[in-house]
Amino acid sequence: MRLLDAVDVERVIVVGIAGAIDDETPIGTLVLPELVVNGADRSQYLPKPLPLGDGHGTMWTTDDVLVDPAVHARLRARGVVALDMETAAIAKVCDERGMPWSVVRAISDRATDATVDADVVGLCHPDGRVNYSAVARYVIGRPGALPRLVRLARGSRLAIERATDAAIRGLATSLRQ
């Protein structure tokens, strides 16, 4: 917030990874939501899309790792296509300042395939850096988990590359317009 108050910013672009809420969405799929909902209080935010094609669906922002299939089904029924942990908070700050914002995410995992659970989330520090001692404890305690972590790492890398490339394309196109 302080940075947005201290410098002149034309637009904030949220770029990163998200989890799909279904089994069919391919890893690496670009997500350009039409609506972002804060799962904690149900507040809704409308992004200003970059010129990357039509947005679709709703992104649900939550601090919780959602593993219950019944919750997944309810969210899909509401038009939710992806889950993340930050976008609604960023949207709120931008909206409070009348600042346009966009979101470009790509799918790194699926909420329905048990790739990510509360223990996996704990393998990173809050700032996203890897917590190597937690990873070591996790792998030692669950020797069969290594293939799952490798699959998650590959999906995350692909999603980061796709989201970043799309954001750069969209920003370049909007600057030319």
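Here the structure is a predicted model, which is why all the values come from computation and not from measurement.

Draft legend 1. The side chain of Arg105, seen in detail. Along the chain, the position of Arg105 falls in strand β7 (residues 101-110). One polar contact links Arg105 to Glu86, side chain to side chain, over a distance of 2.9 Å. Within the structure, the side chain of Arg105 is placed 3.0 Å from the side chain of Thr87, a separation counted as a polar contact. Ignoring sequence-local partners within four residues, the contact set of Arg105 consists of Val14, Gly16, Ile17, Ala18, Thr29, Leu30, Val31, Met59, Asp84, Glu86, Thr87 and Ala163.

Draft legend 2. Geometry of the environment of Thr115. Mapped onto the elements, Thr115 comes out in the loop between β7 and α4 (118-121). Classification of Thr115 by relative accessible area gives buried; the value is 3%. Spatially, the C-alpha atoms of Thr115 and Val67 are 10.0 Å apart, while their sequence positions differ by 48 residues. Apart from the residues within four sequence positions on either side, Thr115 is in contact with Asp109, Val120, Arg148, Arg151 and Leu152.

How each quantity is defined
Residues numbered from 1 in each chain as written. Predicted model: local features only at pLDDT ≥ 70, side-chain atom pairs only at ≥ 80, totals over all residues. Heavy atoms only, no water. Helix = DSSP H or I, 4+ residues; strand = E, 2+ residues; numbered from the N terminus. Polar contact = N/O pair within 3.5 Å; in protein donor to acceptor, adjacent residues only side chain to side chain. Contact = heavy atoms within 4.5 Å. Buried < 20%, exposed > 50% of the residue type's maximum accessible area, 1.4 Å probe, protein only.

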